[in-house]
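Chain residues, written in single-letter form:
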Amino acid sequence: MLNTAEQFDNSGRQVLQTRLMPDLLEPLAGNSPLMVFDVGYGVHETVEFFGNRRCRLHFSALHNCLQAPPVIRSKTPFGQLPDADEHDTALYLAWLDRFRSALQFEPGTRFDLCLLWDFLNYLDDQALKAFADALAPFTGPQTLGHAYILLKSDADVLNREYGLKAANQISVRPVNHATPAFFARPQARVTSMMKGFVVKHSVLRRDGLLEAALKST
Amino acid sequence: MFDRNKDRQPEKIETPAPVVAAIDNSSTAYRAPAAATGKSAILGATIRVKGEISGDENLLIEGHVEGSVSLSAHELTIGKTGKVHANLTARTIRIDGEVHGDIAGKEKVVVSSTSNIKGTIVTPKMTLEEGARFKGTIDIDPAHANSGTGFKPATDKPATDKPA
């Protein structure tokens, strides 16, 4: 289904309409404190939105982890074909180490809602698997998530910062730094690497992003 | 009676510049506590403090502080030039500068766009001003707003460098 409604608020920010977020928030209405994980920075709208209820908001600014991605040096002797599996494993472990360092929460922390925004699109396959594994200890059977999945590499929807303005409105700001590498993938490929999550509902937006409501498996 | 001193001006008491000076720029040697005047005491931009700061008046920190700051019933402001590696406790806290440490605002915490914070914020009411970006954890419990009961500061330990 195509979602075409887009607006700008008084501050000139783009506001994306979302029909999936209300469905994610509704079953969490009684959770106290509501445990929220946001991959990005905390912004005005998100804090304002959750600020009238008991909650714990974790803003991890994980995009900082994407600067200078890990480089794996091949141990294969010169003249021989490199072992791709070995390289992938080493890359996965390097990303896992990086994400575990960034995701250090109190023992016993279980998030009710994970706001992943467009972060998954900046992770190659190994990084995506590592991110999901690093997050897994902090999710439970009731954990829900929200993500925008990039299906086409030519979509002009990168390098943005997201906030939750209202249950059905997501605000978007441009970010003033170089766009990191990005990876367009079909939904099935993303979820196959996101251990612990499946897509509950998804909506194809006109801008080329697939908005996905995730739930814990 | 004859008074030899009747034409003399009263002596002014010269005091060294206080580390914490009231905003009021009057020239009187004695300054009432800032709380009595409703103004804030200032810790100036060139001042460095290592240890515990506590008090019964509002405080604006523009300098460097390492340790802890506790103004349980008053307002604490970390100014734009303020650099604080400390746990902060106050009734209301406004942050325009840099803070590495846990922040406990009994009524409210306001974070401005010029701030740079690493730590956990615990408060009943939180405002992240337009343009501000925050990395870390925010604990919000509106039920404790204005009551002061059941409020639990993040920690009483001195601040240490740690990942947000």
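Residues numbered from 1 in each chain as written. Chains lettered and ligands numbered in written order. Predicted model: local features only at pLDDT ≥ 70, side-chain atom pairs only at ≥ 80, totals over all residues.

## A look at the overall build of chain B
Next, step 1: In terms of helices and strands, chain B carries 1 helix and 11 strands.
Next, step 2: Reading chain B from its N terminus to its C terminus gives the helix and strand order β-α-β-β-β-β-β-β-β-β-β-β.
Next, step 3: A total of 164 residues make up chain B; the buried ones form 38% of that total.
Next, step 4: Here the contacts in chain B between residues at least 6 apart in sequence split such that 16% fall between residues at least 24 apart. (Helix = DSSP H or I, 4+ residues; strand = E, 2+ residues; numbered from the N terminus. Buried ≥ 20, exposed ≤ 12 C-beta atoms within 10 Å, placed from the backbone. Contact = placed C-beta atoms within 7 Å.)

## Examining the overall build of chain A
Next, step 1: Per the secondary structure count, chain A includes 5 helices and 11 strands.
Next, step 2: Its C-alpha atoms give chain A a radius of gyration of 18 Å, near enough to 17 Å, the size a compact globule of 217 residues would have.
Next, step 3: The contacts of chain A with a sequence gap of at least 6 include a subset with a gap of at least 24, amounting to 68%. (Rg over C-alpha atoms; globule rule 2.2 N^0.38 Å.)

## So, the interface of chain B and chain A
It is common to report an interface's size as the accessible area lost on association of the parts.
Next, step 1: Contact with chain B, which involves 18 residues of that partner, is made by 18 residues of chain A.
Next, step 2: Breaking the side of chain B that touches chain A down by element, the ones donating at least two residues are β10 (126-128) and β11 (135-140) of chain B.
Next, step 3: It is β11(B) that provides the largest number of residues to the side of chain B that touches chain A, a total of 6 residues.
Next, step 4: Residue composition of the side of chain B that touches chain A, grouped by class: 9 nonpolar, 2 polar and 7 charged.
Next, step 5: The pairing of strand β5 (residues 55-59) of chain A with β11(B) spans 5 bridges and is antiparallel. (Nonpolar A, V, L, I, M, F, W, Y, C, P; charged D, E, K, R; others polar. Pairing = 2+ DSSP bridges.)

## Observations concerning helix α4 (residues 125-135) of chain A
All names here are of chain A.
Next, step 1: Burial runs high along α4: 9 of the 11 residues are buried.
Next, step 2: Of all the positions in α4, only Gln 126, Ala 127, Leu 128, Lys 129, Ala 130, Phe 131, Ala 132, Ala 134 and Leu 135 are classed as buried.
Next, step 3: Looking at the buried residues of α4, the elements they touch are α3 (84-102), β7 (139-150) and α5 (187-193).

## With respect to the nonpolar core
Next, step 1: Counting residues in each nonpolar core, the largest one holds 88 residues, and the members touching the most others are A:Val36, A:Phe131 and B:Leu88.
Next, step 2: Counting residues per element, this core draws most heavily on α4(A), which supplies 7 residues.
Next, step 3: If we ignore the near neighbours within four places in the chain, the residues touching A:Phe131 are A:Phe99 and A:Leu123. (Core = buried A, V, L, I, M, F, W, Y, C linked by C-beta atoms within 7 Å.)

## Observations concerning the pairing of strand β6 (residues 111-117) of chain A
Residue and element names in this part refer to chain A.
Next, step 1: By the criterion of burial, β6 is predominantly enclosed, with 7 of the 7 residues buried.
Next, step 2: Here strand β4 (residues 34-38) runs beside β6; their pairing, made up of 3 bridges, is parallel. Note that in β6 the partner of Val 36 across the bridge is Leu 113.
Next, step 3: Direction of pairing for β6 relative to β7: parallel, over a ladder of 5 bridges. Each residue of the ladder has a partner; that of Phe 111, found in β7, is Thr 139.
Next, step 4: Regarding the hand of the β-α-β motif, the stretch spanning β6, α4 and β7 is right-handed. (Right-handed = clockwise from strand over helix to strand, strands pointing away.)

## A look at the confidence of the model for chain B
All names here are of chain B.
Next, step 1: Taken as a whole, chain B shows an average pLDDT of 78; of its residues, 65% reach a score of 70 or greater.
Next, step 2: Confidence over residues 21-29 falls short of pLDDT 50; this stretch has 16 contacts with residues more than four positions distant or in other chains.
Next, step 3: This stretch, residues 148-164, has a pLDDT under 50; its non-local contacts, to residues over four places away or in other chains, come to 32 contacts.
Next, step 4: Scored as a whole, the predicted complex attains pTM 0.83, and scored at its interfaces, ipTM 0.90. (pLDDT = per-residue confidence, 0-100.)

## Digging into α3(A)
Residues and elements named next belong to chain A.
Next, step 1: Between its terminal C-alpha atoms α3 stretches 27 Å, which fits the 27 Å expected from 19 residues at 1.5 Å a residue.
Next, step 2: All buried positions along α3 are accounted for by Leu 91, Tyr 92, Trp 95, Arg 98 and Phe 99. Down the axis of α3, the buried side of the element spans an arc of 130°, and every buried residue falls inside it. Facing away from the buried side of α3 by over 90 degrees, the exposed positions are Asp 85 and Ser 101.
Next, step 3: Packing partners of the buried residues in α3 comprise α4. (Expected span 1.5 Å × (residues − 1). Arc of directions from axis to C-beta.)

## Details of unusual backbone geometry
All names here are of chain A.
Next, step 1: In this structure, the amide linkage connecting Ser 32 to the following residue, Pro 33, adopts the cis form with an omega of -5°.
Next, step 2: Here Pro 33 shows up in the loop between α1 (20-25) and β4.
Next, step 3: A positive phi angle is found at Asn 159, which is not glycine, with a value near 60°.
Next, step 4: Locating Asn 159 in the fold gives a position in the loop between β7 and β8 (160-166).

## Here we look at the pairing of strand β10 (residues 197-205) of chain A
Residues and elements named next belong to chain A.
Next, step 1: Pairing geometry for β10 and strand β11 (residues 209-216), over 7 bridges, is antiparallel. Across the sheet, the residue bridging to Val 198 is Lys 215, located in β11.
Next, step 2: The antiparallel hairpin formed by β10 and β11 contains 3 residues in its connecting segment, where Gly 208 sits at a positive phi of about 100°.

## Examining the environment of A:Leu116
Residues and elements named next belong to chain A.
Next, step 1: Looking at the element boundaries, Leu 116 is found in strand β6.
Next, step 2: The class of Leu 116 is buried, set by 24 C-beta atoms lying within 10 Å.
Next, step 3: Not counting residues within four places of it along the chain, the set of residues in contact with Leu 116 comprises Val 39, Gly 145, His 146 and Ala 147.

## What about the packing of α3(A) against α4(A)?
All names here are of chain A.
Next, step 1: One can describe the packing of α3 onto α4 by two numbers: an axis separation of 8 Å at closest approach and a directional angle of 40°. By the angle between their directions, the pair α3 and α4 is classed as oblique. In the packing of α3 onto α4, the handedness of the crossing is right-handed. From α3, Asp 88, Leu 91, Tyr 92, Trp 95, Leu 96, Phe 99 and Arg 100 reach across to α4, where they touch Gln 126, Ala 127, Lys 129, Ala 130, Phe 131, Asp 133 and Ala 134.
Next, step 2: The class makeup of the residues in the contact of α3 with α4 is 9 nonpolar, 1 polar and 4 charged. (Axes fitted to C-alpha atoms, helices over the stretch in contact; angles between N-to-C directions. Parallel < 35°, antiparallel > 145°, perpendicular 65-115°, else oblique. Left-handed = near helix turned anticlockwise from the far one by under 90°.)

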